[in-house]
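# Coordinate analysis (summary)
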Amino acid sequence: MNKVEITDGVYWVGAIDWNLRDFHGYATPGGTTYNAYIVKDSKTALVDTVKAGFFDELRSRVEAVTDPSTIDYVIVNHVEPDHTGSLPRVMEVACDAIVIATEKGAEELPMYYDCDGWEIQTVKTGDTISLGAKTLSFVETPMLHWPDNMVTYIPEDRLLLSNDAFGQHIASSKRYADEVPEILEEAATYYANILMPFSTLITKTLQKIGEMGLAIDMIAPSHGMIWRNSGVGDILEAYRGWGSAESNDTAIVVYDTMWGSTEKMASAITQGIIDAGFEVKVYHLRKSEWSKIVREILGAKILLVGSPTINNGMFPSVGGFLTYLRGLRPKGKVGSAFGSYGWAGGAVKAIAGELEKTGVTVVDPLSVKFVPGADDLTACAELAGKVVMQARQI
Ligand code: FEO
């Protein structure tokens with residue numbers, strides 16, 4: 001196995017999960033990677049490990065660089081098992097290694113693993129470990145996206161080992177972002193589905209990193225591709241925009257339908273949005289990947305959600321999607337609810353309530369009895385116009 005040296009003395013030793021199709025609810029049709037790095041100097045550090053089941057791949061890559069038993073430090077930037085699942089097996093081989101984690105990380109590790117016999121040292125922002133010519137410098141990033149998170153910075157290499165931040169779920173034989181087309185799109189989908197609830201914190205953390213004056217030539221996350229050259233500026237700028245909820249003149253229409261009435265309303269609303277001058281994207285919730293819809297919502301100003309009433313409430317697909325979306329807390333959206341009903345409504349009111357709890361500004365929800373007629377379809381187009389007018393004020 002060839003070594004993959006990303007900068008002088010720093011090696012990628014991760015694993016490629018070609019077959020992952022779901023990451024706790026986030027669809028990953030392109031798989032993912034679990035990136036780990038060996039930093040080799042007078043002393044040797046392993047930064048992060050890989051998911052359980054991928055230890056042999058990690059071990060083979062480490063062995064191409066160094067004898068695993070000589071690892072002095074194992075840096076646990078984040079305890080989530082996709083990065084620590086192989087830690088117990090690593091510690092069987094690197095039995096003299098010291099585990100480095102934040103205080104929260106050190107609290108969490110024994111809840112996942114039998115840590116008897118491990119030496120665990122805690123670090124906080126500003127702490128450093130010298131490996132010889134290279135220094136590991138730690139910055140805590142709590143709630144990005146667990147309480148334990150931190151990142152590791154190597155000032156001599158201007159290299160940020162950022163764990164989940166700046167990652168993407170994509171499996172590839174390539175290692176660098178500039179080698180993979182549409183990589184920013186992958187990063188956006190990852191941000192929307194994992195990091196969007198923490199946008200305010202992300203903005204503050206980027207400011208903190210700026211204030212600390214960390215010069216960065218390379219960002220090596222623990223999922224997906226490594227950012228180098230102009231890609232570093234690109235991903236930092238993208239995070240700044242996503243973190244501050246920058247959005248385009250775009251509307252997202254999502255819906256489900258029973259006998260086609262709500263779908264007719266969705267079509268009339270869609271045309272109304274086009275006529276009002278916004279771009280629009282439309283998704284049937286049982287035919288579309290929710291992770292992709294959420295990515296589109298990240299950059300849109302408008303969200304309209306439709307469902308027929310079934311058993312006095314909304315369709316299960318719509319309810320499930322709204323539950324997923326509420327947890328992700330998108331910011332700065334205007335929207336509405338629409339749908340058809342037979343003898344008693346319920347879905348539209350329930351959707352409007354969920355959108356409001358999610359933080360969406362809801363404009364004039366619209367219900368139609370049984371099948372929409374010409375006047376109803378005109379009302380749909382008018383609703384679209386009102387929502388666009390409100391969104392233009394954002
Ligand atoms: Fe990639 Fe939060 O784990």
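As summarised here, the arrangement of the six strands in space is β12-β13-β14-β15-β16-β17, forming an open sheet in which the pairing is mixed. Each end of this open sheet is capped by a strand with a single partner; those strands are β12 (128–130) and β17 (227–228). Where strand β13 (residues 135–140) lies against strand β14 (residues 150–154), four bridges are found, and the strand directions are antiparallel. Counterpart to S137 in the pairing with β14 is Y153.

Turning our attention to the domain arrangement of the chain. For the chain, the assigned domains are domain 1 (5–243) and domain 2 (248–391). A straight line from the C-alpha centre of domain 1 to that of domain 2 covers 38 Å. In this assembly, 14 residues from domain 1 lie in contact with 13 residues from domain 2. With both sides pooled, the region where domain 1 packs onto domain 2 buries about 1300 Å², and carbon together with sulfur makes up 55% of that total.

What follows is about the nonpolar core. Counting 89 residues, the largest nonpolar core has V13, L46, L58, W227, Y239, W242 and V254 as the members making the most contacts within it. No other element matches the eight residues that helix α5 (residues 183–195) contributes to this core. Of the domains in this structure, domain 1 (5–243) and domain 2 (248–391) are the two that each give at least three residues to this core. Counting residues in each nonpolar core, the second largest holds 26 residues, with V123, M150, L161 and Y176 among its members.

Our focus in this paragraph is a nonpolar patch on the surface. Taken together, the side chains of W343, F370 and V371 define a hydrophobic patch exposed on the protein surface, amounting to about 430 Å² of accessible area. If you trace the backbone, W343 turns up in the loop between β21 (334–341) and α11 (347–358).

As a further point, take the pattern of salt bridges. In this structure the tally under the stated criterion is 17 salt bridges. For R158, the salt bridge goes to D217, with nearest N and O atoms at 2.9 Å. Highlighted residues: R158 in the loop between β14 and β15 (159–163) and D217 in the loop between α6 (199–211) and β16 (218–221), separated in sequence by 59 residues. Residue classification places R158 among the partly exposed residues on the basis of a relative accessible area of 38%. Across the salt bridge formed by R295 and E185, the nearest N and O atoms sit 2.4 Å from each other. Here R295, found in helix α9 (residues 290–298), pairs with E185, found in helix α5; they are 110 residues apart in sequence, far enough to count as distant. Through salt bridges with shared partners, a single ionic network connects E185, K292 and R295.

Attention shifts here to the side chain of T44. Mapped onto the fold, T44 is located in strand β8 (residues 44–47). Discounting residues that sit within four places of it in the chain, T44 has contacts with I38, V39, T66, T70, I71, D72 and Y73.

Let us look at the pairing of strand β19 (residues 279–284). Here strand β18 (residues 248–255) runs beside β19; their pairing, made up of six bridges, is parallel. Considered in β19, the bridge of V254 is made with Y283. At this point the chain moves from β18, through helix α8 (residues 261–275), to the parallel β19, and the crossover so formed is right-handed.

As a further point, take the packing of aromatic side chains. Overall, the coordinates contain eight aromatic pairs when judged by the stated rule. A ring pair is formed by Y112 and Y113, whose centres lie 5.8 Å apart and whose planes are at 35°; its orientation type is tilted. Taken together, a centroid distance of 5.7 Å and an interplanar angle of 80° make the contact between W290 and F321 edge-to-face. Of the two residues, W290 is situated in helix α9 and F321 in helix α10 (residues 316–328); the sequence distance between them amounts to 31 residues. Among the residues examined, F321 registers a relative accessible area of 0% and is labelled buried. Taken together, the ring pairs connect F166, Y191, Y239 and W242 into an aromatic cluster.

Between α6 and helix α7 (residues 230–243), whose axes approach to 8 Å, the crossing angle comes to 140°. In terms of orientation, α6 lies oblique with respect to α7. Considering only the axes of α6 and α7, their crossing is left-handed. Of the residues in α7, those in contact with S199, I202, T203 and L206 of α6 are L236, Y239, R240, W242 and G243. Of the residues assigned to the contact of α6 with α7, the class counts are five nonpolar, three polar and one charged.

Each value, and the rule that gives it
- Residues numbered from 1 in each chain as written.
- Predicted model: local features only at pLDDT ≥ 70, side-chain atom pairs only at ≥ 80, totals over all residues.
- Heavy atoms only, no water.
- Pairing = 2+ DSSP bridges.
- Helix = DSSP H or I, 4+ residues; strand = E, 2+ residues; numbered from the N terminus.
- Domains from an automatic or database assignment.
- Contact = heavy atoms within 4.5 Å.
- Buried area = accessible area lost by both parts, 1.4 Å probe.
- Core = buried A, V, L, I, M, F, W, Y, C linked by side-chain atoms within 4.5 Å.
- Buried < 20%, exposed > 50% of the residue type's maximum accessible area, 1.4 Å probe, protein only.
- Patch = residues over 30% accessible without salt bridge, like charges linked within 9 Å, V, L, I, M, F, W, Y side chains within 5 Å.
- Areas by Shrake-Rupley, 256 points an atom, 1.4 Å probe, with all protein chains shown as cover.
- Salt bridge = Lys/Arg side-chain N within 4 Å of Asp/Glu carboxyl O.
- Right-handed = clockwise from strand over helix to strand, strands pointing away.
- Phe/Tyr/Trp six-rings, centres within 6.5 Å; stacked < 30°, edge-to-face > 60°.
- Axes fitted to C-alpha atoms, helices over the stretch in contact; angles between N-to-C directions.
- Parallel < 35°, antiparallel > 145°, perpendicular 65-115°, else oblique.
- Left-handed = near helix turned anticlockwise from the far one by under 90°.
- Nonpolar A, V, L, I, M, F, W, Y, C, P; charged D, E, K, R; others polar.

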